[in-house]
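Commentary on secondary and tertiary structure
Residues per chain are reported as follows:
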Amino acid sequence: MEKTFQEKLDEELKNIEQTVKKPNILLLGGTGVGKSSLTNLIFKTDIAKTGIGKPVTQEITRYEIENSAVVLYDSVGYELNGENSKDEFIIKIAEYISASKSKKIDEQIHLVWYHIQASGHRVTEWDLNLINKIKSFNIPIAVVFTKCDLVSQQEIEELRKEIRNTSTFEVTTNQKVTPKYLDLEKLIEWSSNNLETGLREAFVKSQKINLEEKKKNVNNIILQHTTGSGAIGFTPIPFADAPLLLANQAGMVARILYVYDLNGYGDLMPTLLKTISIGSLISTSAKWLVGELLKLLPGVGTVAGGMITGAVAASVTAAIGYSVSEICFTISKFAINGEESKLESYIKDLAPIFKQLIKNNSKI
């Protein structure tokens, strides 16, 4: 029996979740610098409650976060008194990173976020030594100045001058600060750019701050699958099976939904999303779109004739992809901003909204 589009979609999503490569991020910084508050904000979770911690060394604990596709390696706050203990800390961290580079990719450290509290008004020689040691292993490292809402811009610039040839970001978890969270979106973008493709989607999916980064990654996904549809379509394909019911379209939509991770924005979202079927919306709207496109492309076939070429397949794939992306982007924006009434109203009217988006994105 032929699977429905929703069944294929569910199958693709399950496959992604089971096979995804998770990026490992090492968190470094002193006691009270705000590492936990920052990561809780970025990934919209309380690591202490939802993360399963497993010590990998005396200095580092590995956290697998529930319903997240990143793994955090959180270091203890290094002791600020006593040069011997701080020097030993550098040695231990360096030994761990060095050893990880010879392991399988899922056990390596892929990024380092090095936290320095801006209100401490100093970057120590010890900080610089550890940062340079990490850089010597060719591990991407970002210096994150935390609690920047408590200091002046001039003070932050003085701190930046102490860090040479290293990406720096000023952040805060204070939601009242404008622009919101300062450089936090830039930190997300930097992190995404410094991960290989196989790890990037998992990171972008897990972060809940930078929606533009999600959209950018999704646009690349759509381009990949649109090209694939064009090649498949030249076969040509029987109308009953294509293009909307092909694995290529299901795979594309599954990857889009995976990256946006709509269920990751709080308890309200899963309840609302149960009221809609993305697969059903796509099937209904895309069938209509195929018919309209065939009317506009003489010689490529008819619904009755049951044959579709690559031009139609690619057009439908692109229209589906960009329409699903726009819906996910809007839903995510409402969720992030806490606009529950707008979110509920939007999801309630999703069927006509989606059909109009399909029409707009197909340019017919």
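Residues numbered from 1 in each chain as written. Predicted model: local features only at pLDDT ≥ 70, side-chain atom pairs only at ≥ 80, totals over all residues. Heavy atoms only, no water.

Section: the packing of helix H2 (residues 35-43) against helix H7 (residues 184-193)
A packed helix pair is summarised by two numbers, namely the angle formed by the two axes and the spacing between the axes. Keep this limit in mind: Interaxial angle, 0 to 180 degrees, is taken between N-to-C directions of lines fitted to C-alpha atoms, where a helix line uses only the stretch in contact. Only DSSP runs of H or I reaching four residues or more are called helices, and only runs of E reaching two or more are called strands; each is numbered from the N terminus. Our angle categories are set so that under 35 degrees counts as roughly parallel, over 145 as roughly antiparallel, 65 to 115 as roughly perpendicular, and the remainder as oblique. For this analysis, residues touch if any pair of their heavy atoms sits within 4.5 Å. Residues are sorted three ways: Asp, Glu, Lys and Arg are charged, Ala, Val, Leu, Ile, Met, Phe, Trp, Tyr, Cys and Pro are nonpolar, and all the rest, Gly among them, are polar.
Axis separation between H2 and H7 bottoms out at 12 Å; the angle between their running directions is 75 degrees. Here H7 runs roughly perpendicular to H2, going by the angle between their axes. Counted together, Leu38, Leu41 and Ile42 of H2 and Leu184, Leu187 and Ile188 of H7 form the full contact between these two elements. By residue class, the composition of the contact of H2 with H7 is six nonpolar, no polar and no charged.

Brief notes about the confidence of the model for the protein
Where we set the bar: You can read pLDDT as the predictor saying how much it trusts each residue, on a scale of 0 to 100.
Scored by pLDDT, the protein has a mean of 81; 77% of the residues are at 70 or more. Mean pLDDT across the elements of the protein ranges from a minimum in strand E8 (residues 237-238), with 44, to a maximum in H7, with 96. Confidence drops under pLDDT 50 across residues 233-245; counting only partners more than four residues distant or on other chains, this segment forms 37 contacts. For residues 297-306, every residue scores under 50 in pLDDT, and the model assigns this stretch 16 contacts once sequence neighbours within four places are set aside.

A look at the pattern of salt bridges
Convention followed: Put simply, a salt bridge is a Lys or Arg side-chain nitrogen that is within 4 Å of an Asp or Glu carboxyl oxygen.
Tallied over the entire structure, the rule returns 14 salt bridges. Across the pair lysine 22 and glutamate 64 runs a salt bridge whose closest N-O atoms are separated by 3.2 Å. Residue lysine 22 is found in the loop between helix H1 (5-19) and strand E1 (24-29), and its partner glutamate 64 is found in strand E3 (residues 60-65); the two are separated by 42 residues along the sequence. Salt bridges sharing common partners tie together Glu157, Arg160, Glu170, Asp183 and Lys186.

Regarding unusual backbone geometry
We note that lysine 44 has phi near 50 degrees; this positive angle belongs to a residue other than glycine. Turning to its location among the elements, lysine 44 is positioned in the loop between H2 and helix H3 (47-50). If you check the backbone angles, aspartate 261 has positive phi at about 50 degrees while not being a glycine. With respect to the secondary-structure elements, aspartate 261 resides in the loop between helix H10 (247-260) and helix H11 (268-273).

Notes on the side chain of asparagine 24
This is how it is decided: Buried residues are those whose accessible area, probed at 1.4 Å on protein chains only, stays under 20% of the maximum for their type, while exposed residues exceed 50% and partly exposed ones sit between those limits. Here a polar contact means two N or O atoms within 3.5 Å. Within protein one must be a hydrogen donor candidate and the other an acceptor candidate, and residues neighboring in sequence count only if both atoms are side-chain atoms.
For asparagine 24, the position within the fold is in strand E1. By relative accessible area, asparagine 24 is classed as buried at 1%. Polar contacts involving the side chain of asparagine 24 include one to the main-chain carbonyl oxygen of glutamine 108, which spans 2.6 Å. If we skip the residues at most four places from it in the chain, asparagine 24 touches Val71, Tyr73, Ile105, Asp106, Glu107, Gln108, Ile109, His110 and Leu111.

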